[in-house]
Amino acid sequence: MENCLNVPVFEIISDIAAEKNLKAFVIGGFVRDCLLRRNSKDIDIVVLGSGIDFAEKVARRLGRKKLSIFKNFGTAMLKTGDLEVEFVGARKESYNRNSRKPVVEDGSLEDDQNRRDFTINAMAISLNKEDYGRLVDPFNGITDLEKKIIRTPLDPSTTFSDDPLRMMRAIRFASQLNFRIDDVCFASIRENKERLKIVSAERITDELNKIVLSPKPSAGFIMMETTGILQLIFPEFQALKGVDEEGGQKHKDNFYHTLKVLDNISLVTDSLWLRWAAVLHDIAKPLTKKYEPGLGWTFHGHEFLGYKMVPSIFRRLKLPLHESMHYVQKLVLLHLRPIVLSQEIVTDSAIRRLLFDAGEDIDDLMTLCEADITSKNPQTVKKHLANFKKVREKMAELEARDSIRNFQPPISGDNIQLVFNIPPCREIGTIKNFLKDAILDGIIPNNFDAAWEHMIEKGKELGLTPHLSKEDILRIENQNGTIESPSPSKP
Ligand code: ATP
Ligand code: MG
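Described below are features of the structure shown in this document. Every chain is numbered on its own, with residues counted from 1 as its sequence reads. The order in which chains are written sets their letters, starting at A; the order in which ligands are written sets their numbers, starting at 1. The model is predicted, so local features are restricted to residues of pLDDT at least 70 and side-chain atom pairs to those at 80 or more, both for listing and for counting; the totals for chains, interfaces and linings are taken over all residues. Hydrogens and waters are ignored; side-chain quantities use all the structure's heavy atoms.

**Brief notes about the overall build of the protein chain**
Test applied: Only DSSP runs of H or I covering at least 4 residues are called helices, and only runs of E covering at least 2 are called strands; the numbering of each starts at the N terminus. What the globule rule says is 2.2 Å times the number of residues to the power 0.38, and the radius of gyration is computed from C-alpha atoms. Here the term buried applies to any residue with accessible area under 20% of the maximum for its type, exposed to any over 50%, and partly exposed to those in between, with areas from a 1.4 Å probe on protein chains only. Whether two residues are in contact is decided by their heavy atoms, any of which lying within 4.5 Å being enough. Surface accessibility in these figures is a Shrake-Rupley result with a 1.4 Å probe; residues are shielded only by whichever protein chains are displayed. Neither His nor the chain termini are counted; the positive set is Lys and Arg, and the negative set is Asp and Glu. In plain terms, the charge of a residue is placed at NZ if it is Lys, CZ if Arg, CG if Asp and CD if Glu.
For the protein chain, the helix and strand inventory stands at 25 helices and 15 strands. Taking 491 residues into account, the globule formula puts the C-alpha radius of gyration at 23 Å, and the protein chain, at 30 Å, lies well above it. Referenced to the eigenvectors of the C-alpha coordinate spread, the extents of the protein chain come out at roughly 90 × 70 × 40 Å. Buried residues in the protein chain amount to 49% of all 491 residues. If you take every contact in the protein chain between residues at least 6 apart in sequence, the share linking residues at least 24 apart comes to 65%. For the protein chain, the accessible surface area stands at approximately 24,700 Å², while carbon and sulfur atoms represent 50% of it. In the protein chain, the 70 positive side-chain charges and the 71 negative ones have mean positions that sit 2 Å from each other.

**Describing the side chain of Ser188**
Relative to the assigned elements, Ser188 resides in helix α8 (residues 183–192). According to the relative accessible area criterion, Ser188 is buried, its value standing at 4%. Excluding residues that lie within four positions of it along the chain, Ser188 makes contacts with Pro156, Ser157 and Phe160.

**Looking at unusual backbone geometry**
Of note in the backbone geometry, Lys318 takes a positive phi value of approximately 60° without being a glycine. Within the secondary structure, Lys318 sits in the loop between α16 (302–316) and α17 (323–334). Positioned with a positive phi, Asn421 is a non-glycine residue whose angle comes to about 50°. The topology assignment puts Asn421 in the loop between α22 (413–420) and α23 (426–440). On the basis of relative accessible area, Asn421 is assigned to the exposed category, the value being 55%.

**A look at the packing of helix α14 (residues 272–280) against helix α20 (residues 362–371)**
Test applied: Fitting a line to C-alpha atoms yields each axis, with helices limited to the stretch in contact; the angle taken between N-to-C directions then spans 0 to 180 degrees. Every angle not falling under 35 degrees, over 145, or within 65 to 115 is termed oblique; those three ranges are roughly parallel, roughly antiparallel and roughly perpendicular. In this scheme, a crossing is called left-handed if the near helix is turned counterclockwise away from the far one by less than a right angle; it is called right-handed if the turn is clockwise.
At their nearest, the axes of α14 and α20 sit 11 Å apart, and the two run at 45° to each other. Overall, the two elements α14 and α20 adopt an arrangement that is oblique. When the axes of α14 and α20 are compared, the crossing they make is right-handed. Along its contact with α14, which presents Leu274, Ala277 and Ala278, the element α20 presents Asp364, Thr367 and Leu368.

**Things to note about α16**
To keep things clear, this is the line we draw: In this scheme, a helix's expected span is set at 1.5 Å multiplied by one less than its residue total. Note that the bend at a residue is defined as the angle between axes fitted to the seven residues ending at it and the seven residues starting at it.
Taking 1.5 Å per residue as the helical rise, α16 with its 15 residues ought to reach 21 Å, and the 21 Å between its terminal C-alpha atoms agrees with that figure. Of all the bends in α16, the largest measures some 30° and sits at Met309, one to four residues before the proline Pro311. Where α16 is buried, its residues contact α12 (235–238), α14, α15 (285–288) and α17. Lys318, located one to two residues past α16, shows a positive phi value of around 60°.

**A short note on the state of the cysteines**
Inclusion rule: Throughout, disulfides are identified as pairs of cysteine sulfur atoms within 2.5 Å of each other.
Overall, the coordinates contain one disulfide when judged by the stated rule. Across a sulfur-sulfur distance of 1.3 Å, Cys4 and Cys34 are joined as a disulfide pair. On the sign convention where negative means left-handed, the S-S torsion of about 70° between Cys4 and Cys34 marks this disulfide as right-handed. Residue Cys4 is found in the segment before α1 (8–20), and its partner Cys34 is found in helix α2 (residues 29–35); the two are separated by 30 residues along the sequence. Of the two residues examined, Cys4 and Cys34, each falls in the buried class.

**Structural notes on the layout of surface pockets**
Here is the rule we go by: The rule is simple: put a 1 Å grid over the protein atoms alone, call a set of points where a 1.4 Å probe fits but cannot get out a cavity, call an open set with protein on both sides within 12 Å along at least five of seven lines a pocket, and count a residue as lining if it has an atom within 4 Å of a point. Grid points are joined across faces, edges and corners, and a volume is the space filled by probe spheres set on the points.
Its volume calculated, the largest pocket comes out at about 1,800 Å³. Contributing to the lining of the largest pocket are 49 residues, with Glu86, Arg100, Arg115, Arg169 and Arg203 lying nearest its centre. For the lining of the largest pocket, the secondary structure elements donating two or more residues are α2, β2 (42–48), β4 (75–80), β5 (83–89), β6 (91–94), α7 (165–177) and α9 (201–212). Counting residues per element, the lining of the largest pocket draws most heavily on α7, which supplies six residues.

**Things to note about the environment of Trp276**
For Trp276, the position within the fold is in helix α14. Residue class for Trp276 comes out buried when judged on its relative accessible area of 0%. Sequence spacing of Trp276 and Gln329 is 53 residues, and the spatial spacing of their C-alpha atoms is 9.9 Å. Each residue touching Trp276, except ones within four places of it in the same chain, is listed here: Leu208, Asn209, Val212, Phe234, Leu317, Leu319 and Val328.

**Here we look at the sheet that holds strand β3 (residues 68–70)**
Condition: What makes two strands pair is DSSP finding at least two bridges between them.
Across the sheet, which stays open at both edges, the seven strands sit in the order β3-β4-β5-β2-β1-β8-β9 with mixed pairing between neighbours. Only two strands of the sheet have a single neighbouring strand rather than two, namely β3 and β9 (135–136).

**Observations regarding the site of ligand 1**
Note the threshold: A molecule or strand has a residue near it when one of that residue's heavy atoms lies within 4 Å. A 3.5 Å cut-off defines polar contacts: any pair of N or O atoms within that distance qualifies, except that in protein one atom must be a possible hydrogen donor and the other a possible acceptor, and neighbouring residues in sequence count only when both atoms are side-chain atoms. More than half of a molecule's atoms lying within 2 Å of a cavity's or pocket's grid points is what places that molecule inside it. Residue polarity follows a fixed list, in which Ala, Val, Leu, Ile, Met, Phe, Trp, Tyr, Cys and Pro are nonpolar, Asp, Glu, Lys and Arg are charged, and the others, Gly among them, are polar. Start and end points for every domain follow an automatic or database-based domain assignment.
In the vicinity of ligand 1, 15 residues are found, and the nearest of them are Arg32, Arg116, Asn121, Asp163 and Arg166. Taking Asp117, its main chain carries an N or O atom lying 3.2 Å from a nitrogen atom of ligand 1. Separating an oxygen atom of ligand 1 from a side-chain N or O atom of Arg169 is a distance of 3.1 Å. When isolated, ligand 1 has an accessible area of 580 Å², and the protein chains bury 78% of it. Cavity membership is defined here by more than half of the atoms lying within 2 Å of grid points; on that basis ligand 1 lies in the largest pocket. Going through the elements one at a time, α2, β2 and α7 are the ones with two or more residues in the shell around ligand 1. When residues in the shell around ligand 1 are grouped by element, the largest group, four residues, is from α7. The residue inventory of the shell around ligand 1, partitioned by class, reads one nonpolar, three polar and eleven charged. Of the residues that make up the shell around ligand 1, three or more belong to each of domain 1 (2–144) and domain 2 (148–233).

Spelled out as structure tokens, the structure:
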């Protein structure tokens, strides 16, 4: 316990409480994490009295001008070092059926602990002189911590029905901490799941993201599935579950397969969006599933349909709709390409095309593909990994030579226009594509000189005459500062 209290601001809080004859406690997540020896960056202080007044005194003592006050919530927050300390007055809450916003009144420490979601989140430590460091643990949270159990302090049905977000929090904490939800609570989540309807998508998704970011996310997804929550908040994922049989042939259960991929990738990355790409990589399998006699089960086009499904899923879950979504879409779309490359005799051209299509995200794509190997046969896994290694080596080799990842056309559309003295038209796109294809197919190297010759030839074919020379264009480019020096032809 002593190390938990090794935070300088606690002494200041203790002094002020004594001077003003108030009581202050550190409570909730900080106490839990400290007993679990986990780092936590936010500290909640509960005060018997006004949280805002107390915070103002602490800020003044720290010589601090900046204090964020949230009048509506009766809370105030200040930052010290990399810690965020939030002050709130002890309160009592009562709920009405249609909202997760409670009616709040001042209360005792006990009232405040009663309104907390789980026994392990309801523990407080006194910061008062007479019993500094005493653990106030009315629901025996410390035993639940030892037994790794998530349990509500009061009747679970009331707790979950009052604020249904707590059901998501229960699963999130169990997944994050590798805890088990107590049986009665678990049954109660099943019964109350429909109540999630009154919770905003943003709040649900915050918890979902924490599940995705937990050390072994499959644990949280399986709990969401068994309680019926998954069907409510993410039916596309629920649809992955199940196995069909026809002609004596079964396909694999794509729910467990996807979870294995997600667990695999979570061993090597903390990136939320790369993990989301794993969640969604096979999302269109249920919709593309087909039994074809002679061929067995197929999922033709699931990568493309999956790519198309991502935006509607992101929109409904209120996930961001720009960069991160496009990144996830791209990985879903491309997730079969490295597999194809590793199975056939690959041409350099096919590898350059993948480098071009994946661009900067090629390493993440390879990581996803490696996580996608879920065979139980170690020989098979070994074989696939070795193949991917070869693909990676070949990529590195070609990238060093041709710089495809950040492909910039060696001659811009504007310059093509200038050279042939033509208005913006189809031919410019045709020439640009022609140059790009020639580079990707290895017909010409990726540099200006080679591209120039090739462009002039193609122009002739299209009936276009050059009006400027190579030197003219280089001079114009130099003036504009876009080409620093003519790129020398590589041998
Ligand atoms: P983390 O910071 O890792 O999300 P935490 O337990 O600190 O975990 P917060 O959301 O920061 O979670 O909340 C701080 C404390 O407030 C919790 O420990 C809990 O005591 C209480 N709390 C938060 N949300 C709820 C809720 N929906 N119902 C009841 N108590 C809650
Ligand atoms: Mg917290």
